[in-house]
Amino acid sequence: MTQLRNSQTKINGNQSNSFKIGKDDSANASSLTSHIALSTQAKVRKDTVYNWSGIQPISKKNQVQFPKNAERISELLRTTMGKVHVIGSGLSYEQIMSLSMDDETGVILNMENFKGLVRMSDCSATFGASTSVNDIISILGQHDRMLPCSPGVIGIQTIAGSIATGTHGQGLFQSTYSDIVKSMRVVLPSGVITDIDENSELPLQAFIASIGMLGVILEVEIYTTERRVFHCRKSAVGYDEFLKDYEEWNRKYEYVKAWWFPETDQCHLWEVDEACPKLASKFLNTSKETPLELTDASDAMNDTVDKYMNALSHDTKSDSKSSQPQFQTVKRFADSKDLVGYSEQILCKGIPVPQINCEIAVPLDRFKEATEALHKWNETNPGRLHYPFIYRATGKSKAWMSPAFSGESVWIGFLVYVAEDGTVRSDGMETMREIQKILSSFGGLPHWGKHFAKEEFRFGSKIENWNKFFQFRKSLDPTDKMFSKTLSQVYESQLFQKRKSYQHFYAAQ
């Protein structure tokens, strides 16, 4: 039977503060949970390319180019008068690579012609920039190889996009996708085609997690390792145990993932390590198409799941018994079973659902106080979240712009789902901002590919190589051709904060 810890954790009686608003209740919308439309434009504006959730416009369709070779990309970078940006799977929430709709000279590059295995050696493999993580895992598996890092949750992401945004899985013994890069082939903003590795004059550490600002990635060479079989132990634990032992779990197990449900103070915990020879052999003697289920189903999380399903049903205006994907993301915590299988079969099983998704990296040594602050916030604001907080720790990253560059970090994720009609709770965006503000005060920095409120973060003082990176960026792209509006606003916001700090200093003097 699945191991249970504190399986009798009390489910508190707090009722969700979600209320249904009728047509005559608009005057009270600020205090209740009406819904605001976000993604309905995607169903109307057929001439526009949107991100995957249909919320953020990326460009007009006639602004998109589909280059077939590096020479064409080089030509476009040399001759295009406006901005040049790159689109991958469209998973990023913020408009980090979007074009203005009225930019008649700008270009979005769709890299769909750059995918697949290019070459493979004993310890590395090179893929086209647009190859999905799912395809890379599959190709490596055919050669009995695997990624040397934990896979992220969503496998449809392109390898270039996952590297550029610093996408990560979990585990203190590894870091992000950016950190498994051995070399890259890139077209610089000047149109020059060049190879970059750890020994090149151009620093590889700047190009990984560069958010599309330093050039167009053509190929990525990543390290690989021998394929292994893993054992995932699932359990239900109480909040106090989670707070006390989370760091210890991460130092004991290769991969650890935890979901904290603040409405009930239960946590769903995954502890993942390489399977023992007996369990590995048992799995390898199956078809290997799905992970092996080891235990009877545990119902330790079922009451918590029911509570969150009801809140989610209300907030997305849908029947929880329907097949809509947001409910599947919560149902999977019920009747849980221990698993044995390949790492991607266990860890790369995210269900893409339209959502406002935030993830903030906090130094691991501030995990407890940051979580206690979130606990206090939830006590004051019960029912504001219909999905648990997600905790994933990683080791230090070598990427200059990674929030994990300074050392071990815990990434705390939180989200609000978008209903089928393109609406979210009226307090949804404010909830996202309030939590970001709390985590920022503990040294938190956001995931570059997810939603973040730039005004809440001190990037310039928290990212050690911030000034170094942007000076380097300017040297490669003096006309700011690949410097998007959103990222330039992030940069400008830090200059404003710096000027404001100086003013306060001199006023005090």
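See the structure above.
1. A few points about the pattern of salt bridges
Enumeration according to the criterion identifies 26 salt bridges in this entry. As a salt-bridge pair, Arg228 and Glu254 come within 2.7 Å of each other at their nearest N and O atoms. On the criterion of sequence distance, the pair formed by Arg228 in the loop between strand 13 (225-226) and strand 14 (230-238) and Glu254 in the loop between helix 6 (239-252) and strand 15 (255-261) is long-range, its members being 26 residues apart. With a relative accessible area of 18%, Glu254 lands in the buried category. Residue Arg366 is joined to Glu369 by a salt bridge in which the shortest nitrogen-to-oxygen separation is 2.8 Å. Judged by its relative accessible area of 33%, Glu369 is partly exposed. The network of salt bridges with common partners includes Asp315, Arg384, Arg425, Asp427 and Glu434.

2. Digging into the packing of aromatic side chains
For the coordinates displayed, the defined rule picks out 30 aromatic pairs. Of the aromatic side chains, those joined through ring pairs into one cluster are Trp448, Phe452, Phe457, Phe459, Trp466, Phe469, Phe470, Phe483 and Tyr491. Across the ring face of Phe405, the terminal group of Lys396 is positioned such that the distance to the ring centre comes to 4.0 Å. Just above the ring of Phe483 sits the side chain of Arg473; from NZ or CZ to the centre is 3.8 Å.

3. Overview of the nonpolar core
One finds Phe207, Phe242, Tyr246, Tyr391 and Trp448 to be the most contacted residues of the largest nonpolar core, which totals 91 residues. Apart from residues no more than four positions distant in its own chain, Tyr391 is found in contact with Phe242, Tyr246, Val256, Lys257, Ala258, Trp260, Phe367, Thr371, Leu374, Val410, Trp411 and Ile412.

So, how was this worked out
- Residues numbered from 1 in each chain as written.
- Predicted model: local features only at pLDDT ≥ 70, side-chain atom pairs only at ≥ 80, totals over all residues.
- Heavy atoms only, no water.
- Salt bridge = Lys/Arg side-chain N within 4 Å of Asp/Glu carboxyl O.
- Helix = DSSP H or I, 4+ residues; strand = E, 2+ residues; numbered from the N terminus.
- Buried < 20%, exposed > 50% of the residue type's maximum accessible area, 1.4 Å probe, protein only.
- Phe/Tyr/Trp six-rings, centres within 6.5 Å; stacked < 30°, edge-to-face > 60°.
- Lys NZ or Arg CZ within 6 Å of the ring centre and 35° of its normal.
- Core = buried A, V, L, I, M, F, W, Y, C linked by side-chain atoms within 4.5 Å.
- Contact = heavy atoms within 4.5 Å.

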